[in-house]
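Each chain is listed here by its residues.
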Amino acid sequence: MFIACSILLAVYLFIQAINLLVIRIIGFDRTPNHLSSPLPSLAILVAARNEAENLPHCLQSLVKLDYPKHLIEIWVGNDQSEDATEQIIDEFASQYSFVKKLNITENIGLAKGKANVLAQLARQSNASIFFITDADIQVKPQWAKTMLGFFNHDTAIVSGTTVVDHSGYLKPMQQMDWLYFMG
């Protein structure tokens, strides 16, 4: 087992080194642009199914974003949760007018699961830009402005890196797997 893990780690590190070399050679620019003025409206979409344990932390981080609150909509799709997810969304929506809930009861088109939830949430908003995050993610207050700094008129999508914070013996492998995927 140890030898197999060592080999996988070596292969992973080799692939990551090649990725970094390619990024350096092609001159990929990771410097954010200046934010446009006026700032665009944002819709932050969160799909949630049985996320009562994680959702309060996620929503708390989203309501603390360093971004004008009149330009933010936080849409949470309650995907037929069987725990306290809906009540948590309702609590936040009662405290913050920019937090909104949509109960998902059916599929639209061919979309299923999270894709269905996100499609329905996107239909609810007229925002200029959509951000998507999972219910088990906590963002930093600068998240929205930092991500927007990478947009320009030729940009269709921007993605960031998430650090996995799980306990257990698989934590190092999960972190490497996720970072490789995001790379």
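The preceding data block contains the structure.
Residues numbered from 1 in each chain as written. Predicted model: local features only at pLDDT ≥ 70, side-chain atom pairs only at ≥ 80, totals over all residues. Heavy atoms only, no water.

Topic: the overall build of the protein
And step 1. Across its full length, the protein holds six helices and four strands.
And step 2. Starting at the N terminus and ending at the C terminus, the protein contains elements arranged as α-β-α-β-α-β-α-β-α-α.
And step 3. The 183 residues of the protein split such that 31% are buried.
And step 4. Sequence-distant contacts in the protein: of pairs separated by 6 or more residues, those separated by 24 or more amount to 71%.
And step 5. With the model as given, the accessible surface of the protein reaches about 12100 Å², and the carbon-plus-sulfur share is 57%. (Helix = DSSP H or I, 4+ residues; strand = E, 2+ residues; numbered from the N terminus. Buried < 20%, exposed > 50% of the residue type's maximum accessible area, 1.4 Å probe, protein only. Contact = heavy atoms within 4.5 Å. Areas by Shrake-Rupley, 256 points an atom, 1.4 Å probe, with all protein chains shown as cover.)

Overview of the nonpolar core
And step 1. In this structure, Ile44, Leu55, Leu62, Leu65, Ile74 and Phe131 are the most contacted members of the largest nonpolar core, which totals 29 residues.
And step 2. Of all elements in the fold, only strand E1 (42-48), helix H2 (55-63), strand E2 (72-78), helix H3 (85-95), strand E4 (129-134) and helix H5 (143-148) reach the threshold of two or more residues within this core.
And step 3. Sorting elements by how many residues they give to this core places H2 first, with five residues. (Core = buried A, V, L, I, M, F, W, Y, C linked by side-chain atoms within 4.5 Å.)

Details of the sheet that holds strand E3 (residues 99-103)
And step 1. Overall, parallel pairing links the four strands, which are arranged E3-E2-E1-E4 in an open sheet. The sheet is open, and its two edges are formed by E3 and E4, each paired on a single side. Pairwise comparison of adjacent strand axes, ignoring direction, gives a mean angle of 25° for this sheet.
And step 2. The sheet contact formed by E2 and E3 spans five bridges and is parallel. Note on E3: the bridge partner recorded for Trp75 is Lys100.
And step 3. This element, H3, spans E1, E2 and E3 of the sheet and lies at about 150° to E3. (Pairing = 2+ DSSP bridges. Axes fitted to C-alpha atoms, helices over the stretch in contact; angles between N-to-C directions.)

Examining the pattern of salt bridges
And step 1. Summed over all chains, the structure comprises four salt bridges.
And step 2. For Asp66, the salt bridge identified is with Lys145, shortest N-O distance 3.6 Å. Residue Asp66 is found in the loop between H2 and E2, and its partner Lys145 is found in helix H5; the two are separated by 79 residues along the sequence.
And step 3. The partner of Asp134 in a salt bridge is Lys114, with the nearest N and O atoms 2.6 Å apart. You can see Asp134 sitting in strand E4 and its partner Lys114 sitting in helix H4 (residues 113-124), a full 20 residues away along the chain.
And step 4. Since its relative accessible area comes to 43%, Lys114 is described here as partly exposed.
And step 5. Because the salt bridges share partners, they merge into one network encompassing Glu86, Asp90 and Lys101. (Salt bridge = Lys/Arg side-chain N within 4 Å of Asp/Glu carboxyl O.)

With respect to the pairing of E2
And step 1. Counting buried residues in E2 gives six out of seven residues, a clear majority hidden from the surface.
And step 2. Summarising the sheet, E1 and E2 pair through seven bridges and their orientation is parallel. The partner of Ile44 across the bridge, within E2, is Ile74.
And step 3. Crossover handedness for the path E2 to H3 to E3: right-handed. (Right-handed = clockwise from strand over helix to strand, strands pointing away.)

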